[in-house]
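# Remarks on the overall topology
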Amino acid sequence: MSVLSIEDLCVTYSTSTGDLRALRNVTLDVPRERIVGLVGESGCGKSTLINAILGLLAANGRIDHGRILFQGRNIAELSADELRAMRGPGIATVFQDPMGALNPVFRIGRQMINIQYRSKLSRAEKANRAAETLRSVRIPDAEAALKRYPHEFSGGMKQRIAIAMALMMKPAILIADEPTTALDATLEVATIELLQELQRDIGCSMLFISHHMGVIAELCDDVVVMYAGEVVESGTTRQVFLQPRHPYTRNLIRCDPARQHTRVRQLPTIPGDLPNLRSRPRGCIFAPRCEMRKEICEEPPPQDVSNGHMARCHLAVEH
């Protein structure tokens, strides 16, 4: 059984100009002890999906249809107290901006002790546990680090502290929301290696959100590609990167700067703009930007390419 299963999820925001369907029929699984990458352009629905999983949708957001099953329980049916109890030991999160996750007026030690409020350990034991966790994410002189404030650390160190805080409760699943975006290339590689090592040590599952195809390819076992609130392709990392079957996936891979082997004045881009989700166009959601569109491109059902490799494209099985 998967740790997290999302089934046919639809999420809508009520706005002054009408309803906006942010997620439409999203289905994905995060199996035990595997890392699933969620990739797509800005505005594809990644953040909405995270908030729906955590039970943190904005007041104007609602789940219209579908289920979010965490260890067999439907998150949408949990009470506020049950959701709070789930966050931390069940589902932990590392956000993109570590400064948003760390309180600037409290020392690191106090914050790491406070998040252990469910534990019956003494304060000294909680402090020792916090120092041990900092050492596991390669923070030098962990005991001294506990006495420092967030502003006394570099961006990469703050991100490691945020990872340590998320993993301290040994969650069943870690949601990492673009944790390497604000880091330089060297720190990005180090953070990816650290996440891989910690995930293996703890044995948790991970949902890793990014728009960086290279990071997804390096870190993840499986990949889910989203476009305009819909899952357009999914499969193992090898399947999706070596045999992409949806035109959007192929374009994302083509636009990765790391794949440019010669100097160019302009990097490749995907022509056109994201559709208006307040008035979704008929047919395939990607058709207005697709160089392969044909008359057959009505709304495509998911096509089973092979061995769990899915693409939402009429032409998926022809390539």
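### Observations regarding helix H5 (residues 123–136)
For H5, with 14 residues, the first-to-last C-alpha span of 20 Å sits near the 20 Å given by 1.5 Å per residue. Among all positions of H5, only Lys126, Ala130, Ala131, Thr133 and Leu134 are buried. Buried residues in H5, looked at end-on, bunch into an arc of 160°, giving them a common side. Turned more than 90 degrees from where H5 packs its buried face, Ala124, Asn128 and Glu132 sit exposed. In the core, the buried residues of H5 are packed alongside helix H4 (108–114), helix H6 (142–145) and helix H7 (155–167). Following H5 by one or two positions, arginine 138 has its phi on the positive side, about 65°.

### Section: the pairing of strand S11 (residues 303–306)
Here three bridges tie S11 to strand S12 (residues 309–311), and the two strands are oriented antiparallel to one another. By the bridge assignment for S12, glutamine 303 is matched with alanine 311.

### What about the environment of alanine 59?
Along the chain, the position of alanine 59 falls in the loop between helix H1 (46–54) and strand S4 (61–70). Owing to a relative accessible area of 88%, alanine 59 belongs among the exposed residues under this scheme. In this structure, the C-alpha to C-alpha distance between alanine 59 and threonine 191, residues 132 residues apart in sequence, is 34 Å.

### A few points about the packing of aromatic side chains
All told, the structure shown has three aromatic pairs when counted by the stated rule. Ring centres of tyrosine 227 and phenylalanine 286 lie 5.1 Å apart, and the angle between their planes is 85°; this geometry places the pair in the edge-to-face category. In this pair, tyrosine 227 is assigned in strand S9 (residues 222–227) and phenylalanine 286 in the loop between helix H11 (247–254) and S11, connecting sequence segments 59 residues apart. The two residues tyrosine 227 and phenylalanine 286 agree in class, both being buried. Here the aromatic residues Tyr227, Tyr248 and Phe286 are joined through ring pairs into a cluster of three or more.

### Some thoughts on the pattern of salt bridges
One pass over the structure, following the stated rule, counts 11 salt bridges. Between glutamate 143 and arginine 135 there is a salt bridge whose closest N-O contact spans 2.7 Å. Given the relative accessible area of 43%, arginine 135 is considered partly exposed. By sharing partners, the salt bridges in this structure join Asp19, Arg21, Arg62 and Asp64 into a single network.

### Details of H1
With seven of nine residues buried, H1 lies mostly within the body of the structure. For H1, the set of buried residues is Lys46, Thr48, Leu49, Ile50, Ala52, Ile53 and Leu54.

### Topic: the environment of proline 171
You can see proline 171 is positioned in the loop between H7 and strand S7 (173–177). A relative accessible area of 3% means that proline 171 is categorised as buried. Sequence separation of proline 171 and methionine 206 is 35 residues, and the distance between their C-alpha atoms is 9.7 Å.

### Details of the nonpolar core
By size, the foremost hydrophobic cluster in this structure holds 58 residues, and its most contacted members are Met112, Leu134, Leu174 and Phe208. Among the elements that make up this core, the one with the highest residue count is H7 (six residues). Formed by 32 residues, the second largest nonpolar core is a distinct cluster that contains Leu4, Leu49, Ile175 and Leu207.

### Overview of the packing of H7 against helix H8 (residues 185–202)
Between two packed helices, what matters for the description is the angle formed by their axes and the separation of those axes. Look at H7 against H8: their axes get within 11 Å of each other, and the N-to-C directions meet at 15°. Considering their axes alone, H7 and H8 lie roughly parallel with respect to each other. As for how H7 packs across H8, the hand of that crossing is right-handed. On H8, the residues touching Gly156, Arg160, Ile163 and Leu167 of H7 are Leu187, Ala190, Thr191, Leu194, Leu195, Leu198 and Ile202. Residue composition of the contact of H7 with H8, grouped by class: eight nonpolar, two polar and one charged.

### Structural notes on the confidence of the model for the protein chain
For the protein chain, the average pLDDT comes to 88, and 99% of its residues sit at 70 or higher. Here helix H3 (residues 98–101) stands out as the element of the protein chain with the lowest mean pLDDT, 76, in contrast to S9, whose mean of 96 is the highest.

Definitions and cut-offs
- Residues numbered from 1 in each chain as written.
- Predicted model: local features only at pLDDT ≥ 70, side-chain atom pairs only at ≥ 80, totals over all residues.
- Heavy atoms only, no water.
- Helix = DSSP H or I, 4+ residues; strand = E, 2+ residues; numbered from the N terminus.
- Expected span 1.5 Å × (residues − 1).
- Buried < 20%, exposed > 50% of the residue type's maximum accessible area, 1.4 Å probe, protein only.
- Arc of directions from axis to C-beta.
- Contact = heavy atoms within 4.5 Å.
- Pairing = 2+ DSSP bridges.
- Phe/Tyr/Trp six-rings, centres within 6.5 Å; stacked < 30°, edge-to-face > 60°.
- Salt bridge = Lys/Arg side-chain N within 4 Å of Asp/Glu carboxyl O.
- Core = buried A, V, L, I, M, F, W, Y, C linked by side-chain atoms within 4.5 Å.
- Axes fitted to C-alpha atoms, helices over the stretch in contact; angles between N-to-C directions.
- Parallel < 35°, antiparallel > 145°, perpendicular 65-115°, else oblique.
- Left-handed = near helix turned anticlockwise from the far one by under 90°.
- Nonpolar A, V, L, I, M, F, W, Y, C, P; charged D, E, K, R; others polar.
- pLDDT = per-residue confidence, 0-100.

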